[in-house]
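# Structure at a glance
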Amino acid sequence: MWTTLQAGSLTRRFAIASAILTAVAVLLVAAASLWLVNRQHAAAVELLQQRETAFNARTVGNTLATLASRMKDVADSPILATGLVDSAGRETYLAPFLNSLRQINGIPVQVLFTDFEGKPIAGNGFERFDSEQLAWLRTRIDAGEESAAIFDRPGGPELVGVNLLRYSRTNTPEGALVYKIRLQDLRPIASSVLAWEAQPGTHAGEVPVPAPEAFRHLGLMMKIDVSDVGQPLETPWTQYGLIGGMTLAFAVIVFLLGSRLSLGLTQDLRQLEQFAGKLGEEGIGAARAELAGSSETITLARSINRMLDGLHRQQARLEREHQRKDEFLAMLAHELRNPLAPISSAAQLLRVLFADVPRIKDVSGVISRQVAHMTHLVDDLLDVSRVTRGLVTINQTTVELGAVLREAAEQIKPVIDARKHSLVLEIAPEALPVCGDRTRLVQVAANLLNNAAKYTPDGGVLHVSLARQDGMAVLRVRDNGIGIGADLLPVVFDLFTQAERTPDRAQGGLGLGLALVQKLVELHGGAVEAHSAGQGQGSTFTVRLPLLAASESALTAPAAAAAPASLGPLRILVVDDNVDAAQTLGMLLETAGHKVTVEHSAQRALARAGKGRFDIILLDIGLPDMSGHELAGALQQLPNCAGCALVAVSGYGQEQDRRLSREAGFDAHLVKPVPPDLLVDTIARVANANSPRC
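The structure presented is a predicted model; accordingly, all values stated were derived computationally and were not measured.

Bringing a positive patch on the surface into the picture now. Residues Arg 313, Arg 317, Arg 320 and Arg 324 make up a contiguous surface patch of positive charge. Mapped onto the fold, Arg 317 is located in helix 11 (residues 295-353). Relative accessible area serves as the criterion here: at 37%, Arg 317 is assigned to the partly exposed category.

So, on to the packing of aromatic side chains. The relation between two aromatic rings is expressed through the spacing of the ring centres and the mutual angle of the planes. Under the definition given, this model contains one aromatic pair. Here the aromatic rings of Trp 136 and Phe 151 are separated by 5.9 Å at their centres, their planes lie at 80°, and the arrangement is edge-to-face. Of the two residues, Trp 136 sits in helix 6 (residues 131-143) while Phe 151 sits in strand 5 (residues 147-151), which places them 15 residues apart along the sequence. Each member of the pair, Trp 136 as well as Phe 151, is classed as buried. The cationic tip of Lys 180 hangs over the ring face of Phe 129; the distance from NZ or CZ to the ring centre is 4.8 Å.

Burial of strand 20 (residues 616-619) is two-sided: the residues Ile 616 and Leu 618 facing one way and the residues Ile 617 and Leu 619 facing the other way are all buried. Note: strand 18 (residues 571-575) against strand 20, four bridges, orientation parallel. Opposite Ile 572, over in strand 20, you have Ile 616 as the bridge partner. Relative to strand 21 (residues 645-650), strand 20 runs parallel, the two sharing four bridges. Note that in strand 21 the partner of Ile 616 across the bridge is Ala 645.

In space, the three strands of this open sheet follow the order 8-10-9, with antiparallel pairing throughout. Edge positions in the sheet fall to strand 8 (192-195) and strand 9 (207-208), since each has one partner strand and no second.

All right, on to the state of the cysteines then. Considering all chains together, one arrives at zero disulfides under this definition. Cysteine Cys 641 is unpaired, with the sulfur of Cys 644 as its nearest cysteine sulfur at 4.1 Å.

A word on unusual backbone geometry. Note that the residue after Lys 672, namely Pro 673, is joined by a cis bond; omega there is -15°. By the element assignment, Pro 673 lies in the loop between strand 22 (668-671) and helix 20 (676-689). Look at Lys 420: it is not a glycine, yet its phi comes out positive at around 60°. Position of Lys 420 among the secondary structure elements: in the loop between helix 13 (401-418) and strand 12 (422-427). Residue Lys 420 is classed as exposed on the basis of its relative accessible area of 65%. Positive phi, close to 55°, is recorded for Asp 470, a residue that is not glycine. Mapped onto the elements of the fold, Asp 470 is located in the loop between strand 14 (461-469) and strand 15 (472-479).

Glancing now at the pattern of salt bridges. In total, this model carries 18 salt bridges according to the counting rule given. Between Glu 117 and Lys 119 there is a salt bridge, with the nearest N and O atoms lying 3.2 Å from each other. Close ionic contact of Arg 419 with Asp 458 constitutes a salt bridge, the shortest N to O distance being 3.0 Å. Placement of Arg 419 in the loop between helix 13 and strand 12 and of Asp 458 in the loop between helix 14 (438-454) and strand 14 is noted, with a sequence separation of 39 residues between them. Each of Asp 130, Glu 132 and Arg 153 takes part in a single network of salt bridges with overlapping partners.

Let us look at helix 17 (residues 602-611). The complete set of buried residues in helix 17 reads Ala 602, Ala 605, Leu 606 and Ala 609. Taken around the axis of helix 17, the buried residues stretch over an arc of 100°, which confines them to a single face. Along helix 17, exposed side chains directed more than 90 degrees from the buried face belong to Arg 604 and Lys 611. Lining the buried residues of helix 17 we find strand 18, strand 19 (595-599) and helix 18 (628-636). Here helix 17 starts with a cap whose side-chain oxygen sits 3.3 Å from the backbone nitrogen of Arg 604, and that cap is Ser 601.

Before going further, it helps to spend a moment on the environment of Gly 665. Locating Gly 665 in the fold gives a position in the loop between helix 19 (655-664) and strand 22. Taking relative accessible area as the criterion, Gly 665 reaches 29% and is therefore assigned partly exposed. Considered as a pair, Gly 665 and Ala 648 are 17 residues apart in the sequence and their alpha carbons are 9.9 Å apart. Not counting residues up to four positions away in its chain, the partners in contact with Gly 665 are Gln 636 and Leu 646.

The pLDDT averaged across the protein works out to 77; a share of 74% of its residues lies at or above 70. In this model residues 7-11 is a low-confidence stretch, pLDDT under 50, and it forms nine contacts with partners more than four residues away in sequence or in other chains.

With that out of the way, let us pick up the nonpolar core. In this structure, Leu 401, Val 434, Leu 448 and Leu 475 are the most contacted members of the largest nonpolar core, which totals 40 residues. Of all the secondary-structure elements, those providing two or more residues to this core are helix 13, helix 14, strand 14, strand 15, helix 15 (513-523), strand 16 (527-531) and strand 17 (539-546). In terms of residue count, helix 14 provides more of this core than any other element does, nine residues in total. Excluding its chain neighbours within four sequence positions, the residues that come into contact with Leu 475 are Leu 405, Ala 445, Val 464, Ser 465, Leu 466, Phe 541, Thr 542 and Val 543. Of all hydrophobic cores here, the second largest spans 32 residues; its members include Leu 101, Ile 104, Phe 215 and Leu 220.

In a regular helix each residue adds 1.5 Å, so 13 residues correspond to 18 Å; helix 6 covers 18 Å between its end C-alpha atoms and thus fits that length. Burial in helix 6 covers these residues: Gln 133, Leu 134, Trp 136, Leu 137, Arg 140 and Ile 141. Down the axis of helix 6, the buried side of the element spans an arc of 155°, and every buried residue falls inside it. Opposite its buried face, helix 6 presents the exposed residues Ser 131, Asp 142 and Ala 143, each directed more than 90 degrees away. Each element contacted by the buried residues of helix 6 is listed here: strand 3 (110-115), strand 5, strand 6 (158-166) and strand 7 (173-182). Between a side-chain oxygen at the N-terminus of helix 6 and the backbone nitrogen of Glu 132 the separation is 3.3 Å; the capping residue is Asp 130. At the exit of helix 6 stands Gly 144, carrying a positive phi of roughly 65°.

Rules used in this analysis
Residues numbered from 1 in each chain as written. Predicted model: local features only at pLDDT ≥ 70, side-chain atom pairs only at ≥ 80, totals over all residues. Heavy atoms only, no water. Patch = residues over 30% accessible without salt bridge, like charges linked within 9 Å, V, L, I, M, F, W, Y side chains within 5 Å. Areas by Shrake-Rupley, 256 points an atom, 1.4 Å probe, with all protein chains shown as cover. Salt bridge = Lys/Arg side-chain N within 4 Å of Asp/Glu carboxyl O. Lys, Arg positive; Asp, Glu negative; His and termini not counted. Charge placed at Lys NZ, Arg CZ, Asp CG, Glu CD. Helix = DSSP H or I, 4+ residues; strand = E, 2+ residues; numbered from the N terminus. Buried < 20%, exposed > 50% of the residue type's maximum accessible area, 1.4 Å probe, protein only. Phe/Tyr/Trp six-rings, centres within 6.5 Å; stacked < 30°, edge-to-face > 60°. Lys NZ or Arg CZ within 6 Å of the ring centre and 35° of its normal. Pairing = 2+ DSSP bridges. Disulfide = S-S within 2.5 Å. Arc of directions from axis to C-beta. Contact = heavy atoms within 4.5 Å. Polar contact = N/O pair within 3.5 Å; in protein donor to acceptor, adjacent residues only side chain to side chain. pLDDT = per-residue confidence, 0-100. Core = buried A, V, L, I, M, F, W, Y, C linked by side-chain atoms within 4.5 Å. Expected span 1.5 Å × (residues − 1).

Written as structure tokens, this is what we have:
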């Protein structure tokens, strides 16, 4: 039978289990019949008690309604309000009302008339109000609110109510009619008990009192205390004990049987659950759910497996697309940098050769700045790709943020000056050390400054502050520019997000800078946020970075690089298949006094190096007939080049490209277009490192 149950459908298995449990329930019902008869008797007695309680509750409600109506009639009398204004005749006006307010339906009532400050004027002779009750009265008068409250006192709880006496012309409270009764006096019979909402504890059999509006918020409840009343019939304890024992025994049997059935019924589901948990921990792989158990479970497992197959294919496709995207970006950067290299070199040549011609010097400056801008865009595009995929590592060192901010401001100064902005720097006088990558932190600050300068109309004000706050370094960049709209603010750090573009594309950019800022700040364990009051209201960007503890914040000033010793003219071989790039680079080096030879293929470079001797060889990596890495290895085998310095000059500038260059034996790796100053410094450095000359 158990084998049949396991092999059947899940619906059938649960049906059989339900039948077994139903049979057990029938046995329990039969065994409990005697108990139910006695229970019905108890229920009848309880019903009678409830009806009696409800009757007494209505009686109390009627008494309270009479009390509220009588007190309202007295409080609404214009005679009392007029009498309150006339201090000389208060006793004359109030005395006729006092004698009629000593009892309500035979219940003693304490009544007190007060002025608008809650000071007693006259009472009905029974009034006994303590300081807490008078203080409560004054708060009601101040609030202009008619209310009631219950005060628990040693002699029993007391219900205190207040009706305001209002001046007939202004309707403002001029006094109050405060009254008090004991809850014990409200009880219709001695065995009744009155409780209220704020009283701790609950009582079974309570019936709400239908109180009037003035007392409804008190939540009065009525209960008949039957603790002193004996049982109407003798309890059959023997029969109850027998039924209790049978019930307990059946409960244990049902529990054990149900547990055993549940384990068998849900075994395949639990296996599927374990597989899902393992899948969540290890991710999508080759593992698939086992097709075993009930037909429903097998169908569910098949569906999960189909979904996993689809996700696996999608994951593989996305990984291939990511790889193709990275390859495309690297190739795009290479192809963009190749034409930029000769343009940059030509601009530098114009600046050197025509230094005394202002117009040519200005034109060369324009070309150089635009080349630098284009290079920056290419670098940002590659950085975003690497950062979003987690391929960027942070060089953890102790960095002083004040120096970082000053360096970033110096980098962006040409942009700020070009747009005639005013830059205000407020940097904390003490050092603010953090653990991070100095280059990346400069990039963060520079991107924020550049963003502020770009989106602020000419002549704006950029305010930059750096301070310590709650163990964090807080950098704020504030501008009075075009601001950020409410629709753009939540996504301002997303990739390719920009404000609405104008036809002139005055701001330019690709929407990468802020995305890079957020990713780099998060890699440093910090956070960045943007604030703006709206269009035309300027923007504020706030960066928070964790500061190092005092014991960890020893700042080591970077040793100043020694100026390369001048070695005079060097023999340099330039190898690049891009004719313009090779020629302009060669001419630029010749203006620096070096003797330059240019070749455009690997084979011709090998032939030239085999015949002559060179101090430095500049190699492009992407040569058509042989890669630059292979050419470097071949050159190092030539006797004439045994001590030559090899410098890679390539459009490929990612970390893996630099690593491959180091492994191939290059002394340096420069990325096109190479800034002239960096080119000169690198040549001097590698030449000194490889002295004496070959």
